[in-house]
Amino acid sequence: MVLCNPSTRVPYTGTRRRLVLAFDVGTTYSGISYSILDPGQVPEIRGVARFPANEYISGASKIPTVMYYDEKGNVRAAGAEAIQDGMLETALDRGWMKIEWFKLLIRPKSGGPELSDKIPPLPPGKSVVRVLADFLQYLQTCAEAYIKVSHASGQELWDSVSSEIHYVISHPNGWEGYQQSQIRKAVVRAQLIPHTIEGHARVLFVTEGEASLHFTIDNGLPAGVIDEGEGIVVVDAGGGTIDISAYTKKAGCAPYTFEEITIPQCHFFGSVFVTINARLFIDDYLKGSEYHEELENIVRCFDRSTKIRFNNNQQPQFIRFGGTRDHDHAYNIRFGQLRLSGIDVAKFFEPSVKCVTDAVLDVAANARKPIKVRSAPYIMRFQKPDIVQHVVLVGGFSASDWLVSNVRQVLGQKGLNVVIPDNYINKAVSDGAVSFYLDQRVKTRISKVAYGPIYCTRYNPALAAHRARRSLVLTRRDGSKRLPGRFNPILPKNTPISEGQSFSIDLTKRPRTSGSSLKPVCELWCYVGQDPNPQWEDEDPGNFRLLCKLQADAAFLRHSQPRRNEDGTDGEHWTFDFTLVLWFSATELRAQLVWEEDGVEKQGPATIVYEPNDI
């Protein structure tokens, strides 16, 4: 298979040198990539390849997402330093607390599996935002040390860019505005940026799926993706999540411009869940053995060796956890090794393998553009050429031979070609995040739910839907009759959103006097159910969720004359009309207030306040 590698990156057009740092904080491992932008030069993407305690990292391209805290809440060890020889004993002697998998605590709580009992607890008095801030500070320190020693005049280089570093933070496909707001709080708390509008603007977010696409573009795409417009599914199999995204080359645009062709997916079946399955099995298996007290050590050894090497379910698998004097023949422990059947070990992987294959085939079935899928005893073919034929596997979990071979077997039977890039697939997200900053190759994305306000509509007794809700009618200050609970989907589910495309919500406020303080608030809701045309909240109340509140200080709005009440009663009121404009096309929601003053359109800022546990 021929791979195409682009060389279309253009020289940096800025007037000042700039440093872009990308942090991929993974559930189990984390990586750092960066680019130094010099005016007139074509940017290059580099990776931080040396860390403290570097000898404990295989390949040295990523570090464990692990920290130890002392009893006062201070970080005592992080990254590879937290796994070096003797650290476990030191931590036990000094009462340090090990923190790992904390990234999963930021996840949306709705619509996903219950994981609270599987994630190790945080230190007392520490929120996940504070823990993430501590780890980001550590990553910043590692990046600074590496750049200073790896570049000529490194200290001078760092000093010239350190005050205005731009950051790209990657996150799973399923994370939205609330998760981004928590990550940004952590970036501020880590003192990487100031808590100002300008400081916040120096942080960009990118989904792991989109970052992985950019990495794939830079490191070689199947030729048919570029030459024939064939679709591609990108699977980022990481420590905590498996992210599935699908793209095709955008017709009529630059050669390496892409568009999403289905709603991206995020599933909690990453490599840590193989470890969780192993723990449950071994815990039950060794309950009658004196070595049951070694459970934590055995699981740790499985995670570091057996899980990585496993590639054959027909051969026994061994977990080396002790010395040559450790024996318990009744429980298959000899010479410090626990023997498990390959069939049992394969079962630890089974949910993750099934997740990948099912999700890819689901994407193939629901993409907006035609797909070719072989289904025995015949082959379904579509007439258009833009069909998904390729699946690219990246992420640390993609280094598992067992995962890859099983995914290839299942998807190959469906006519899909599975590809693994050669170049450090475990750094796909951090490298791809820098590429996202530099190239912005995705121009169209798909809305994954329906978005819009729930508002009071004018009551119309001629409509059956209104008459059925007449007991809910409200009479406003101006005498008009309104019916609450109407959903207005300004952006329906599964809708392509082009770059720069905006959506608007028209609002009217009626204060008691013209001098009343006017701070319009609009609630933005999302519908996550199956109704293709949701209209009323009470028809499917369990599937409407408040996403955020849009706020603006509109004290500058005014209306020259009061208006008479609509129902003819005595009284008058002031009416203020304005519009909230929303942009969903980027990886982060943006909002703006627009109004007309003396026939001239005016614009002002709007603040987005996210609800916790959003979609």
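These figures come from a predicted structure and were not determined experimentally.

Considerations on the overall build of the protein chain
Now for step 1: A tally of helices and strands in the protein chain yields 13 helices and 37 strands.
Now for step 2: Scored against the burial criterion, the 615 residues of the protein chain give a buried share of 52%.
Now for step 3: Here the contacts in the protein chain between residues at least 6 apart in sequence split such that 68% fall between residues at least 24 apart.
Now for step 4: Counting every atom, the protein chain has about 28,400 Å² of accessible surface; 48% of that belongs to carbon and sulfur.

Re the sheet that holds strand 18 (residues 337–340)
Two strands in a sheet stick together by hydrogen bonds in their backbones, pointing the same way (parallel) or opposite ways (antiparallel).
Now for step 1: Pairing in this open sheet of 3 strands is antiparallel, and the strands run 16-18-17 from one edge to the other. A strand with exactly one partner marks an edge of an open sheet, and here the two such strands are strand 16 (317–320) and strand 17 (333–334).
Now for step 2: With 4 bridges connecting them, strand 16 and strand 18 associate as antiparallel partners. Directly across from R320, in strand 18, lies its bridge partner Q337.

Let's talk about the packing of helix 2 (residues 128–150) against helix 4 (residues 177–189)
Now for step 1: Remark: helix 2 packs on helix 4, axes separated minimally by 8 Å, with the N-to-C direction vectors making an angle of 55°. Overall, the two elements helix 2 and helix 4 adopt an arrangement that is oblique. Once helix 2 is placed against helix 4, the crossing between them reads as right-handed. Contacts from V129, R130, L132, A133 and L136 in helix 2 reach Q182, I183, K185, A186, V187 and R189 in helix 4.
Now for step 2: Classifying every residue of the contact of helix 2 with helix 4 gives 7 nonpolar, 1 polar and 3 charged.

Digging into helix 12 (residues 428–439)
Now for step 1: Here helix 12 spans 15 Å end to end across 12 residues, near enough to the 16 Å set by a 1.5 Å rise per residue.
Now for step 2: Within helix 12, 11 of the 12 residues are buried, which leaves it mostly tucked inside the rest of the structure.
Now for step 3: Turning to helix 12, its buried residues are A428, V429, S430, D431, G432, A433, V434, S435, F436, Y437 and D439.

Observations regarding the packing of helix 6 (residues 208–219) against helix 12
Helix-helix packing is described using two parameters, namely the angle between the two axes and the distance between the axes.
Now for step 1: Interaxial distance between helix 6 and helix 12 falls to 7 Å at its minimum, and their mutual angle equals 85°. Between helix 6 and helix 12, the angle is such that the two are roughly perpendicular. Contacts between helix 6 and helix 12 involve E208, E210, A211, S212, H214, F215 and D218 from the former and A428, V429, D431, G432, A433, S435, F436 and D439 from the latter.
Now for step 2: Of the residues contributing to the contact of helix 6 with helix 12, the split by class is 6 nonpolar, 4 polar and 5 charged.

A closer look at the side chain of S435
Now for step 1: Residue position: S435 is located in helix 12.
Now for step 2: Setting aside anything within four residues of it in sequence, one finds S435 in contact with R9, I45, H214, D218 and Q440.

A word on a negative patch on the surface
Now for step 1: Together, E55, D85, E89 and D93 make up a negatively charged patch on the protein surface.
Now for step 2: Relative to the assigned elements, D85 resides in the loop between strand 7 (75–78) and helix 1 (87–94).
Now for step 3: With a relative accessible area of 67%, D85 lands in the exposed category.

Quick look at the nonpolar core
Now for step 1: Within the largest apolar cluster, 46 residues are counted, with the highest numbers of intra-cluster contacts made by L19, L21, F23, I32, L136 and Y167.
Now for step 2: When contributions to this core are tallied by element, the ones reaching two or more residues are strand 2 (18–25), strand 3 (29–37), strand 6 (66–69), helix 2, helix 3 (154–161), strand 9 (166–171), helix 4 and strand 10 (203–207).
Now for step 3: It is helix 2 that provides the largest number of residues to this core, a total of 13 residues.
Now for step 4: Those residues within four positions of Y167 in sequence are excluded, and the remaining contacts are L21, F23, Q140, L192, I193, R202, V203 and L204.

Observations regarding the pattern of salt bridges
Now for step 1: Tallied over the entire structure, the rule returns 21 salt bridges.
Now for step 2: The closest approach of N and O atoms between E44 and R46, which form a salt bridge, is 3.7 Å.
Now for step 3: In this structure, the salt-bridge partner of E259 is K250, at a minimum N-O distance of 3.8 Å.
Now for step 4: Through salt bridges with shared partners, a single ionic network connects R9, D218, D439 and R441.

A look at the packing of aromatic side chains
Now for step 1: Within this structure, the stated rule accounts for 16 aromatic pairs.
Now for step 2: Taken together, a centroid distance of 6.0 Å and an interplanar angle of 65° make the contact between F102 and F135 edge-to-face. Of this pair, F102 sits in the loop between strand 8 (97–100) and helix 2 while F135 sits in helix 2, placing them 33 residues apart in sequence. In this pair, the class of F102 matches that of F135, namely buried.
Now for step 3: A centroid spacing of 5.8 Å and a plane angle of 75° characterise the contact between F503 and F584, whose relative ring orientation is edge-to-face. Residue F503 is located in strand 29 (residues 502–509), and its partner F584 is located in the loop between strand 34 (576–583) and strand 35 (590–597); the two are separated by 81 residues in the primary sequence.
Now for step 4: Three or more aromatic residues joined by ring pairs form one cluster here, namely F281, Y285, F302, Y331 and F348.
Now for step 5: In this arrangement the basic side chain of R469 is found over the ring face of W536, its NZ or CZ atom lying 4.2 Å from the centre.
Now for step 6: Over the aromatic face of W536 sits the side chain of R486, whose NZ or CZ is 5.6 Å from the ring centroid.

Thoughts on the side chain of K307
Now for step 1: Relative to the assigned elements, K307 resides in helix 9 (residues 295–309).
Now for step 2: With near-sequence residues (within four places) excluded, K307 lies in contact with S271, V274, T275, F302 and F349.

Conventions adopted
Residues numbered from 1 in each chain as written. Predicted model: local features only at pLDDT ≥ 70, side-chain atom pairs only at ≥ 80, totals over all residues. Heavy atoms only, no water. Helix = DSSP H or I, 4+ residues; strand = E, 2+ residues; numbered from the N terminus. Buried < 20%, exposed > 50% of the residue type's maximum accessible area, 1.4 Å probe, protein only. Contact = heavy atoms within 4.5 Å. Areas by Shrake-Rupley, 256 points an atom, 1.4 Å probe, with all protein chains shown as cover. Pairing = 2+ DSSP bridges. Axes fitted to C-alpha atoms, helices over the stretch in contact; angles between N-to-C directions. Parallel < 35°, antiparallel > 145°, perpendicular 65-115°, else oblique. Left-handed = near helix turned anticlockwise from the far one by under 90°. Nonpolar A, V, L, I, M, F, W, Y, C, P; charged D, E, K, R; others polar. Expected span 1.5 Å × (residues − 1). Patch = residues over 30% accessible without salt bridge, like charges linked within 9 Å, V, L, I, M, F, W, Y side chains within 5 Å. Salt bridge = Lys/Arg side-chain N within 4 Å of Asp/Glu carboxyl O. Lys, Arg positive; Asp, Glu negative; His and termini not counted. Charge placed at Lys NZ, Arg CZ, Asp CG, Glu CD. Core = buried A, V, L, I, M, F, W, Y, C linked by side-chain atoms within 4.5 Å. Phe/Tyr/Trp six-rings, centres within 6.5 Å; stacked < 30°, edge-to-face > 60°. Lys NZ or Arg CZ within 6 Å of the ring centre and 35° of its normal.

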